[in-house]
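Each chain, written out:
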Amino acid sequence: MKNLINVLSIVFLIFFGACRETEKEDVKANEKVSVDYKISFGKVAKTAIFRNDSLSIWGGSLVKGDDNRYHMLYARWPKKIGWEWVTYSEIAHAVAPTPYGPFKHKSVVLPDRGKEYWDGSCTHNPTVHKFNGKYYLYYMGNTGDKKIVSEPGKPALNWEHRNKQRIGVAVADSPEGPWLRMDEPVLDVGNKETDHDALMTSNPSVCQMPDGKILMVYKAVGKQFDLPAGGPVVHMVAIGDSPTGPFKKYPDPVFTFEGERFPAEDPYIWYQDGRYRAIVKRMKHVNGERLFSLVHYDSKDGIHWDKATFFNISERKITWEDGREQQFVHLERPQVFVEDGRPVALLCAADTLNAAGARESFNLQIPLHIEKIIGK
């Protein structure tokens with residue numbers, strides 16, 4: 001009997017020890033590791049610029065089609081009328097054999113359709129995605145009197161159009177269309193005068209969450225300050241059960257800086273390696289001057305965002321393949337193109353000033369380098 005008890009005791013100790021070791025291994029396997037991204041640019045090819053002599057080109061977004069071609073949805077309007085994006089922009093479609101071009105214009109996909117529609121006068125700032133076999137084109141739309149208030153070299157805003165900006169989504173089975181437009185915005189302004197988005201909603205950025213829902217970060221303007229400009233200009237978060245909504249809005253602004261009324265715009269968000277990532281245009285105010293750059297945020301839940309460990313990305317500067325560096329007046333509307341699960345290119349709207357002081361705008365497709373730094 002005594003021998004049997006000893007044998008059972010030994011078996012118990014061996015079993016208990018094995019369980020403890022298995023438990024340790026499970027804990028080790030389930031430890032949360034963080035993956036920080038250090039983002040930089042590769043050299044830009046001469047083919048990776050999309051421009052037009054008579055049109056201002058702005059804000060391209062890229063998706064790969066089932067035809068293995070690369071489809072860019074972008075905004076454009078006539079140069080001769082000045083910087084009239086808010087009144088005369090339309091979203092068009094271009095195609096290339098590689099993410100870096102050369103791109104060739106194919107068609108206008110969201111044209112003017114009449115001021116009786118909420119997005120009848122202007123479509124702008126597209127971001128295109130493929131979710132569950134369909135293509136979704138999110139954009140800003142507005143309507144208004146179509147009055148031209150700019151001229152080349154003297155930009156101005158038509159405030160009626162600016163303040164009627166709303167967020168829409170169009171749906172298609174192919175990036176070539178046809179695109180089905182909605183009768184109502186997918187994300188309208190808030191119902192209360194005190195809402196952060198009481199005046200306008202614009203510049204949507206979206207990604208699919210691990211649970212299949214759609215995360216949206218968008219530009220919002222309130223009515224705290226005097227009209228027509230209103231403000232402050234902030235970014236808000238909304239989550240939809242499907243790509244076409246409805247979207248639940250969250251109450252707290254993101255990408256904020258203490259004391260700044262317009263600190264950022266043009267985020268692009270995506271989910272990778274256990275975190276939501278964002279490349280954002282930062283507008284730092286120094287001695288009354290606005291200094292533009294691209295910066296990096298990340299988030300565990302998509303609702304609360306922090307500066308990433310490696311925050312600064314670019315001061316509007318690229319290097320061409322021949323080694324020549326160039327700094328632009330603007331380098332913004334960042335759109336990350338992901339292929340085979342890896343971010344490979346950053347599409348940006350860029351511009352320079354011509355001899356008359358007018359903006360010459362175009363799209364760039366920049367090779368994207370991401371160094372992953374593993375931590376805990």
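Residues numbered from 1 in each chain as written. Predicted model: local features only at pLDDT ≥ 70, side-chain atom pairs only at ≥ 80, totals over all residues. Heavy atoms only, no water.

**Looking at the overall build of the protein**
Along the protein, the regular secondary structure elements total 3 helices and 22 strands. Dimensions of the protein along its principal axes, counting C-alpha atoms only, are 100 × 55 × 50 Å. Every one of the 376 residues in the protein was classed for burial, and the buried ones make up 53%. The contacts of the protein with a sequence gap of at least 6 include a subset with a gap of at least 24, amounting to 54%. Distance between charge centres in the protein, computed from 50 positive and 48 negative side chains, equals 2 Å. (Helix = DSSP H or I, 4+ residues; strand = E, 2+ residues; numbered from the N terminus. Buried < 20%, exposed > 50% of the residue type's maximum accessible area, 1.4 Å probe, protein only. Contact = heavy atoms within 4.5 Å. Lys, Arg positive; Asp, Glu negative; His and termini not counted. Charge placed at Lys NZ, Arg CZ, Asp CG, Glu CD.)

**Quick notes on the confidence of the model for the protein**
Here the protein averages 92 in pLDDT, while 91% of its residues score no lower than 70. Under a pLDDT of 50 for its full length, residues 7–31 has, in the predicted model, 1 contact with residues more than four places off or in other chains. (pLDDT = per-residue confidence, 0-100.)

**Some points on the environment of Leu110**
Along the chain, the position of Leu110 falls in strand β6 (residues 104–110). Here Leu110 falls in the buried class, since its relative accessible area comes to 0%. Placed 13 residues apart in sequence, Leu110 and Thr123 show a C-alpha to C-alpha distance of 6.5 Å. When sequence neighbours within four positions are dropped, the list of residues in contact with Leu110 reads Glu90, Ile91, Thr123, Leu137, Tyr139, Ala170, Trp179 and Arg181.

**Re the packing of aromatic side chains**
As enumerated under the stated definition, the model contains 13 aromatic pairs in all. A centroid spacing of 5.0 Å and a plane angle of 75° characterise the contact between Trp77 and Trp83, whose relative ring orientation is edge-to-face. Relative to Tyr297, the ring of Phe255 lies with its centre 4.7 Å away and its plane at 50°, an arrangement referred to as tilted. Of the two residues, Phe255 sits in the loop between β13 (247–249) and β14 (264–272) while Tyr297 sits in strand β16 (residues 289–299), which places them 42 residues apart along the sequence. Each member of the pair, Phe255 as well as Tyr297, is classed as buried. (Phe/Tyr/Trp six-rings, centres within 6.5 Å; stacked < 30°, edge-to-face > 60°.)

**Some points on the pattern of salt bridges**
Here the idea is simple: oppositely charged side chains can pair when their charged atoms come close. Across all of its chains, the model carries 24 salt bridges by this definition. Across the salt bridge formed by Glu90 and Arg76, the nearest N and O atoms sit 3.0 Å from each other. Of the two residues, Glu90 is situated in strand β5 (residues 90–96) and Arg76 in strand β4 (residues 70–78); the sequence distance between them amounts to 14 residues. The class for Glu90 is partly exposed, based on a relative accessible area of 22%. Of the charged contacts, one joins Lys249 and Asp197 as a salt bridge, the two residues approaching to 2.7 Å between their closest N and O atoms. Remark: Asp197 occurs in the loop between β9 (166–172) and β10 (200–208) and Lys249 occurs in strand β13; sequence separation between them is 52 residues. One salt-bridge network, in which partners are shared between bridges, spans Lys219, Glu265, Lys281 and Glu332. (Salt bridge = Lys/Arg side-chain N within 4 Å of Asp/Glu carboxyl O.)

**With respect to the nonpolar core**
Counting residues in hydrophobic clusters, the biggest one holds 24 residues, and the most contacted among them are Phe41, Ile318, Leu331 and Leu364. Residue assignment for this core shows that the elements contributing at least two residues are β1 (34–41), β14, β20 (330–339), β21 (342–353) and β22 (359–375). With near-sequence residues (within four places) excluded, Phe41 lies in contact with Leu294, Ile313, Ser314, Lys317, Ile318, Leu331, Leu346, Ile366, Pro367, Leu368 and His369. If you look at the next biggest cluster of nonpolar residues, it comprises 19 residues, including Met209, Val217, Phe255 and Trp305. (Core = buried A, V, L, I, M, F, W, Y, C linked by side-chain atoms within 4.5 Å.)

**Description of the side chain of Gln335**
Summarising the element assignment, Gln335 is placed in strand β20. Dropping the residues within four chain positions of it, Gln335 is found in contact with Gly60, Ser61, Pro126, Thr127, Tyr268, Ala345, Leu346 and Leu347.

**Observations concerning the sheet that holds strand β11 (residues 214–221)**
What the 4 strands build is an open sheet, ordered β10-β11-β12-β13; its pairing is antiparallel. The sheet terminates laterally at β10 and β13, the two strands that pair on one side only. Neighbour-to-neighbour, the strand axes of the sheet open up by a mean angle of 30°, direction not taken into account. As judged from the 8 bridges shared by β11 and strand β12 (residues 233–240), these two strands associate in the antiparallel manner. Across the sheet, residue Ile214 finds its bridge partner in β12, namely Gly240. (Pairing = 2+ DSSP bridges. Axes fitted to C-alpha atoms, helices over the stretch in contact; angles between N-to-C directions.)

**A look at the environment of Gly59**
Assignment of secondary structure puts Gly59 in strand β3 (residues 55–64). A C-alpha to C-alpha distance of 8.0 Å links Gly59 and His124, two positions 65 residues apart in sequence. With sequence-adjacent residues up to four places away left out, Gly59 is seen in contact with Leu73, Tyr74, Ala75, Pro126, Arg333, Ala349 and Asn363.

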